[in-house]
Amino acid sequence: MTATHSTRMLILGSGPAGLSAAIYAARAGMAPIVVQGLQPGGQLTITTDVENYPGFAEVIQGPWLMEQMQKQAEHVGAQMMWDTIVNVDLSQRPFRLTGDGGTVYVCDTLVIATGAQAKWLGAPGEAELGGKGVSACATCDGFFYRGKKVAVIGGGNTAVEEALYLTNHSHDVTLIHRRDSLRAEKILQQRLFAHPSIKVLWNKEVAGFVGGEGAAGLVAIDLKDTRTGAASRLDVDGGFVAIGHHPATELFRGHLDLDEDGYLRVQPGTALTNVPGVFACGDVMDKVYRQAITAAGTGCMAALDAERFLAEADFEAKEAA
């Protein structure tokens, strides 16, 4: 028999955004259910050293931080479900969602915190050196490369912004781009070209990431000239892949408003989507900051917005009775 779970709030995703929403919702007596999805704990579970989350003087580990957030959410009353949603019906309240095993979830409010995944090159050595010199977030990891040689791969706004940011830590930043011109906004390009710490390698694509002997991390990036095919090697300590992100929103296409990049649209300054009772938080709606602390903050916003929505709906129902 197919199981059915009913709740005042269903939360999709268990990263900092989803778990923060769960903590606030549970403390408000909403008994939220968190469907953890394909990557319980979100991207921080594949992040080693975390040095920029407030409240910790020493470096902490990403998986440990998410474990603590989950324990806190469960302690105040949130229920965790190991499931992945494959179908949604947002046409009327209560909303109805179905997991991949057939479990049905019925909810008065829905908080979407499914996140976004960085796009990767798929080059040899990339996965093996992830967290060991290869990263997709300069803001997160740039601090670890103070005074070292770093490279950024990409040609859009994200890549240029990452390169400029890294100059706060390094005086030797190389931008690697497979074409002979950038896609980034002109003002960003002007800042990039004018910066003395940044050089650009044109018409180069990454052939592989090279690790050092033993447990050593990244030591170089192998390159291939896109015009001549000539091979070359760039010695670096850190390589940042900046070719964009995939927001996890395919499930909601045709149900909720998405922007041109596939992120969920919310009303400015809120977590409200275009469907009353549906809220979005974290990287699934934020393509600018993409930090654990901002995701947690929008998770709080989503829970508070949902609490207000339910209070108003309950009041209107009593008035109509």
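Refer to the structure above for everything that follows.
Residues numbered from 1 in each chain as written. Predicted model: local features only at pLDDT ≥ 70, side-chain atom pairs only at ≥ 80, totals over all residues. Heavy atoms only, no water.

A. View of the nonpolar core. The biggest cluster of nonpolar side chains holds 31 residues, and the ones touching the most others in it are Met9, Ile11, Ala73 and Val111. Going through the elements one at a time, strand E1 (4-12), helix H1 (16-27), helix H2 (62-75) and helix H6 (292-320) are the ones with two or more residues in this core. Beyond its immediate stretch of four places on either side in the chain, Ile11 contacts Gly18, Ala21, Ala22, Pro32, Ile33, Val34, Val35 and Val111. Grouped together as the second largest cluster of nonpolar side chains are 23 residues, Met81, Leu90, Tyr105 and Ile112 included. (Core = buried A, V, L, I, M, F, W, Y, C linked by side-chain atoms within 4.5 Å. Buried < 20%, exposed > 50% of the residue type's maximum accessible area, 1.4 Å probe, protein only. Helix = DSSP H or I, 4+ residues; strand = E, 2+ residues; numbered from the N terminus. Contact = heavy atoms within 4.5 Å.)

B. Looking closely at H1. Under the 1.5 Å per step criterion, the end-to-end length of H1 is 17 Å for 12 residues, consistent within 8% with the ideal 16 Å. Counting buried positions over the 12 residues of H1 gives 10, a clear majority of the element. Within H1, the full set of buried residues consists of Pro16, Ala17, Gly18, Leu19, Ser20, Ala21, Ala22, Ile23, Ala25 and Ala26. In the core, the buried residues of H1 are packed alongside E1, strand E2 (33-35), H2, strand E5 (79-81), strand E8 (104-112) and H6. Gly29 lies just past H1 and shows a positive phi near 80 degrees. (Expected span 1.5 Å × (residues − 1).)

C. A positive patch on the surface, seen in detail. The grouping of Lys119, Arg178, Arg179 and Arg183 at the surface amounts to a positive patch. Positionally, Arg178 belongs in the loop between strand E12 (172-176) and helix H5 (186-194). (Patch = residues over 30% accessible without salt bridge, like charges linked within 9 Å, V, L, I, M, F, W, Y side chains within 5 Å. Areas by Shrake-Rupley, 256 points an atom, 1.4 Å probe, with all protein chains shown as cover. Salt bridge = Lys/Arg side-chain N within 4 Å of Asp/Glu carboxyl O. Lys, Arg positive; Asp, Glu negative; His and termini not counted. Charge placed at Lys NZ, Arg CZ, Asp CG, Glu CD.)

D. Representation of the sheet that holds strand E10 (residues 134-135) in the model. Pairing in this open sheet of 5 strands is parallel, and the strands run E10-E17-E11-E12-E13 from one edge to the other. Two strands in the sheet have a free side with no partner beyond their single neighbour: E10 and strand E13 (198-201). Where E10 meets strand E17 (residues 238-241), 2 bridges bridge the pair, whose relative direction is parallel. The partner of Val134 across the bridge, within E17, is Gly239. Along the sheet, helix H4 (residues 157-166) makes contact with strand E11 (149-153), E12, E13 and E17, crossing E11 at roughly 165 degrees. (Pairing = 2+ DSSP bridges. Axes fitted to C-alpha atoms, helices over the stretch in contact; angles between N-to-C directions.)

E. Geometry of H6. In this model H6 runs 42 Å from its N-terminal to its C-terminal C-alpha over 29 residues, within 8% of the 42 Å that 1.5 Å per residue would give. Those residues of H6 that fall on the buried side of the exposure criterion are Ala295, Ala296, Thr298, Gly299, Cys300, Ala302, Ala303, Asp305, Ala306 and Leu310. Considering only its buried residues, H6 is in contact with E1, H1, E8 and strand E19 (278-280).

F. Main features of the sheet that holds strand E16 (residues 231-235). The strand order across the open sheet built from 3 strands is E14-E15-E16, with neighbouring strands paired in antiparallel fashion. Strands at the two margins of the open sheet, each flanked by one partner only, are strand E14 (204-211) and E16. Direction aside, the axes of adjacent strands within the sheet are offset by 30 degrees on average.

G. Here's a closer look at the state of the cysteines. Counted by the stated rule, this structure contains 1 disulfide. Shown here is the disulfide that connects Cys137 with Cys140, its sulfur atoms set 2.2 Å apart. Disulfide Cys137-Cys140: the torsion about the S-S bond is 70 degrees, which places it as right-handed. A relative accessible area of 17% places Cys137 in the buried class. Cys281 carries a free sulfur, and the closest cysteine sulfur to it, the one in Cys300, is 10 Å from it. For Cys300, a relative accessible area of 15% puts it in the buried group. (Disulfide = S-S within 2.5 Å.)

H. Looking closely at the pattern of salt bridges. Inspection of every chain in the model, using the stated rule, returns 13 salt bridges. For Glu67, the salt bridge goes to Lys71, with nearest N and O atoms at 3.2 Å. Note that Glu67 and Lys71 are positioned in helix H2 at a spacing of 4 residues, about one turn of the helix. For Glu67, a relative accessible area of 39% translates into the label partly exposed. We note a salt bridge from Arg227 to Asp225, for which the minimum N-O separation is 3.8 Å. Among the residues examined, Asp225 registers a relative accessible area of 8% and is labelled buried. One salt-bridge network, in which partners are shared between bridges, spans Asp259, Glu260, Asp261, Arg265 and Lys287.

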